[in-house]
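Structure at a glance
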Amino acid sequence: MSDAQSVRRLTVPDLTARKGREKIVVLTAYTTPIAQLLDPHVDILLVGDTVGMVLHGMPTTVGVTLEMMCLHGRAVMRGSSHALVVVDMPFGTYEGSPKDAHQSAVRLMQETGCQAVKVESARGIADTIRFLTERGIPVMGHVGLRPQAVNVDGGFKAKGRFMDEREKVLEEAKAAEEAGAFAIVVEGVDSELADEITRQVGVPTIGIGASPNCDGQVLVTDDMLGLFDWTPRFVRRYANLRDVISRAAETYANDVRSGEFPNSAEVYKLKIV
Ligand code: KIV
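Residues numbered from 1 in each chain as written. Predicted model: local features only at pLDDT ≥ 70, side-chain atom pairs only at ≥ 80, totals over all residues. Heavy atoms only, no water.

1. Section: the overall build of the protein chain
Helix and strand counts for the protein chain stand at twelve helices and eight strands. Expressed as lengths along the three principal axes of its C-alpha atoms, the size of the protein chain is roughly 75 × 45 × 35 Å. Approximately 14,200 Å² of the protein chain is accessible, and the part contributed by carbon and sulfur atoms is 55%. Averaging the coordinates of the 30 positive side-chain charges in the protein chain and doing the same for the 36 negative ones gives two points 2 Å apart. (Helix = DSSP H or I, 4+ residues; strand = E, 2+ residues; numbered from the N terminus. Areas by Shrake-Rupley, 256 points an atom, 1.4 Å probe, with all protein chains shown as cover. Lys, Arg positive; Asp, Glu negative; His and termini not counted. Charge placed at Lys NZ, Arg CZ, Asp CG, Glu CD.)

Listed below in structure tokens is the structure:
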């Protein structure tokens, strides 16, 4: 058996078994080459609907469509063989009814080959999570700051700073677990609340702007690579690709304008046979 054949993709049960034992490493990916680079290092590749903002310049994730998620999901599946691939269900494709959600999730799984889907799990979405998991679709929940609710919240606002809001976020996490979610993203909540959620739910929590005690962590890859000039407080930059790309483009432009590129080694020569 070749090395490529012997690599087994991680499964949902592999990851749920990690709760309280081994941290789960998650990064977003939207394209084949980035998936290829990240795949050996991470446990989950999340094809997040942040793709709309990060790659397509949208102001929020609300405009992201099922077609976009299918396209990027397929690209990430082509570029990976080890990580579990989770694809976000975009705004408007799962909230209407469990049946609508089922139709959307089946399309995502059949067209991309991904292993699971993610929904932003307000309390009313628990029935949908149950409907999907009972029909063979693994679901990751997402509580706290829910970017698809940006228009209700009036912005991307951290959650859980008031007592009733803390209770609500905790209840949403518990409801997602009870409905069958195999893991829950906890975004933009204070670290004590994230710790409480991690203690109270039996499935792994994946933190982003949450707490080091979550069972795993996720970052938007383009943020941690430093591709934007502004990064939120919870992002650690592991590279500064913005400067690298900008310097490379400037040098290339200078070389083209001065005639220094291409040189004689960078052009094809006529072969006389
Ligand atoms: O869409 C996304 O990339 C996400 C992560 C930020 C968790 O949901």
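2. Comments concerning the sheet that holds strand 8 (residues 216–219)
Strand order in this closed barrel of eight strands is 1-2-3-4-5-6-7-8, and the pairing throughout is parallel. The mean angle between the axes of side-by-side strands here comes to 25°, regardless of whether they run parallel or antiparallel. In this sheet, strand 8 lies alongside strand 1 (residues 24–28) in parallel orientation, the contact comprising four bridges. In the sheet register, Ile24 faces strand 8, and the bridge partner there is Gly216. (Pairing = 2+ DSSP bridges. Axes fitted to C-alpha atoms, helices over the stretch in contact; angles between N-to-C directions.)

3. Points about the packing of helix 5 (residues 66–78) against helix 6 (residues 98–112)
As a packed pair, helix 5 and helix 6 sit with axes 8 Å apart at the nearest point and diverge in direction by 35°. Where helix 5 crosses over helix 6, the two elements pack in a sense that is right-handed. When helix 5 is examined against helix 6, the residues Leu66, Glu67, Met69, Cys70, Gly73, Arg74 and Met77 are found in contact with a partner set consisting of Ser104, Arg107, Leu108, Glu111 and Thr112. Here the contact of helix 5 with helix 6 is built from residues that sort into five nonpolar, three polar and four charged. (Left-handed = near helix turned anticlockwise from the far one by under 90°. Contact = heavy atoms within 4.5 Å. Nonpolar A, V, L, I, M, F, W, Y, C, P; charged D, E, K, R; others polar.)

4. Looking at the pairing of strand 6 (residues 183–187)
In terms of burial, strand 6 is largely enclosed, as five of its five residues are buried. When strand 5 (residues 139–144) meets strand 6, the two strands line up parallel, connected through five bridges. Paired with Met140 across the strands is Ala183, a residue of strand 6. In this sheet, strand 7 (residues 205–208) lies alongside strand 6 in parallel orientation, the contact comprising four bridges. Bridged to Val186 within strand 7 is Gly207. Crossover handedness for the path strand 6 to helix 10 (residues 191–200) to strand 7: right-handed. (Buried < 20%, exposed > 50% of the residue type's maximum accessible area, 1.4 Å probe, protein only. Right-handed = clockwise from strand over helix to strand, strands pointing away.)

5. Things to note about the site of the ligand
Taken together, Thr28, Leu46, Gly48, Asp49, Thr50, Asp88, Lys118, His142, Val185, Ile208, Val218 and Val220 make up all the residues around the ligand. One nitrogen or oxygen atom from the side chain of Asp49 is found 3.0 Å from an oxygen atom belonging to the ligand. Between the ligand and Lys118 there is a distance of 2.9 Å, counted from an oxygen atom to a side-chain nitrogen or oxygen. Contact with the protein chains covers 97% of the free accessible surface of the ligand, which is 260 Å². Tallied by class, residues from the shell around the ligand come to five nonpolar, four polar and three charged. (Near = heavy atom within 4 Å. Polar contact = N/O pair within 3.5 Å; in protein donor to acceptor, adjacent residues only side chain to side chain.)

6. Structural notes on the pairing of strand 2 (residues 44–47)
Of the two faces of strand 2, the one lined by Ile44 and Leu46 and the one lined by Leu45 and Val47 are each fully buried. In this structure, strand 1 lies alongside strand 2, joined through three bridges in parallel fashion. Along strand 2, the bridge assignment pairs Val26 with Ile44. Between the parallel pair strand 1 and strand 2, the chain is carried across by helix 3 (residues 32–38), and the sense of this crossover is right-handed. Bridging between strand 2 and strand 3 (residues 84–88) involves four bridges; their strand directions are parallel. Its bridge partner being in strand 3, Ile44 is matched across the sheet by Leu84.

7. Observations concerning helix 6
With 15 residues, helix 6 ought to run about 21 Å at 1.5 Å a step, and its terminal C-alpha atoms sit 21 Å apart, in line with that. Taken together, the buried positions of helix 6 are Ala101, Ser104, Ala105, Leu108, Met109 and Thr112. All buried residues of helix 6 project into a common sector of 130° when viewed along the axis, lining one side. Structural note: helix 6 exposes Lys99, Gln103 and Gln110 on the side pointing more than 90 degrees away from its buried face. Of the surrounding secondary structure, the elements contacted by the buried residues of helix 6 are helix 5, strand 3, strand 4 (116–118) and helix 7 (126–133). Trailing helix 6 by a residue or two, Gly113 shows a phi angle of about 85°, which is positive. (Expected span 1.5 Å × (residues − 1). Arc of directions from axis to C-beta.)

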